[in-house]
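Observations on chain architecture
Residue-level listing of the chains:
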Amino acid sequence: MIDVKTSQSYQEPQSTESSLAQSDTAGRHFIVDFWGAHYLENVDVLEQALTDAASVAGAVLLHIHLHKFTQGGGVTGVALLAESHISVHTWPERDYAAFDVFMCGDAKPQDAVALLERVFKPTKTKVSEILRGKE
C-alpha cells in the first residue's frame, strides 16, 4: 500500500543571497560515509537525529519512515523534506552508516551533515558533494 499525501509544491526563494548562489542548481546532495559510528541499530536515536538534522538545516520535515532489520541487522529509512530528503542505511556489524542529504532552496545540508556526525561520532568520515541539476 502506498501512502500519498499532497501539499503545495516547494517554491524556490527569489531574493536571498544563498538562493542566488545556488540558482544554477536544483540542490546540493551530500553523500556521507561514516565508519566506526555508534547507535546504528537504535531506531529512536536515528529518528531523533533525522528530525534534528532537518531542523538545523532549516528544512521542512514532512515524514520519517524507518525500518529495522531483524537478527542484529541495520536500519534503513528516509526523512522526506519539502526540500528533498535525508536517507540512511546502517550496517551495525561493520560500524558503518551511509547517509544521503539532498536539499534545495535556502536549506543548509552541510549543517545537517555536521549534526549527524556529532550524533553518530564516527572515527572516519567521507563526504562528497554533488550539485544536482547543474550542467
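The text that follows walks through the structure, step by step, so that each part is easy to find. (Residues numbered from 1 in each chain as written. Predicted model: local features only at pLDDT ≥ 70, side-chain atom pairs only at ≥ 80, totals over all residues. Heavy atoms only, no water.)

In this section: the pattern of salt bridges. Using the criterion set out here, one finds 3 salt bridges in the structure. Of the charged contacts, one joins Arg28 and Glu129 as a salt bridge, the two residues approaching to 2.6 Å between their closest N and O atoms. In this pair, Arg28 sits in strand β1 (residues 27–35) while Glu129 sits in strand β6 (residues 124–132), placing the two residues 101 residues apart along the sequence. With a shortest N-O distance of 3.8 Å, Glu41 and Lys68 are connected by a salt bridge. Linking Glu41 in the loop between β1 and α2 (43–57) with Lys68 in strand β2 (residues 61–68), this pair joins segments that are 27 residues apart in sequence. By relative accessible area, Lys68 is classed as partly exposed at 35%. (Salt bridge = Lys/Arg side-chain N within 4 Å of Asp/Glu carboxyl O. Helix = DSSP H or I, 4+ residues; strand = E, 2+ residues; numbered from the N terminus. Buried < 20%, exposed > 50% of the residue type's maximum accessible area, 1.4 Å probe, protein only.)

Together, Val60, Leu62 and Leu80 line one region of the surface with nonpolar side chains, adding up to about 250 Å² of accessible area. Summarising the element assignment, Val60 is placed in the loop between α2 and β2. Among the residues examined, Val60 registers a relative accessible area of 44% and is labelled partly exposed. (Patch = residues over 30% accessible without salt bridge, like charges linked within 9 Å, V, L, I, M, F, W, Y side chains within 5 Å. Areas by Shrake-Rupley, 256 points an atom, 1.4 Å probe, with all protein chains shown as cover.)

For any pair of aromatic rings, geometry is given as the distance between the ring centres together with the angle between the planes. Taken as a whole, this structure holds 4 aromatic pairs when the rule is applied. Both rings, one in Trp35 and one in Tyr96, keep their centres 5.6 Å apart while their planes meet at 45°; by these two values the pair is tilted. A residue pair is termed long-range when its members are at least 10 positions apart, and Trp35 in strand β1 and Tyr96 in strand β5 (residues 96–103) qualify at 61 residues. Of the residues examined, Tyr96 reaches a relative accessible area of 16% and is grouped as buried. Here Lys124 stacks its cationic end above the ring of Trp35, 4.9 Å away from the centre of that ring. The positively charged end of Arg132 is found above the aromatic ring belonging to Phe102, 5.2 Å away from the centroid. (Phe/Tyr/Trp six-rings, centres within 6.5 Å; stacked < 30°, edge-to-face > 60°. Lys NZ or Arg CZ within 6 Å of the ring centre and 35° of its normal.)

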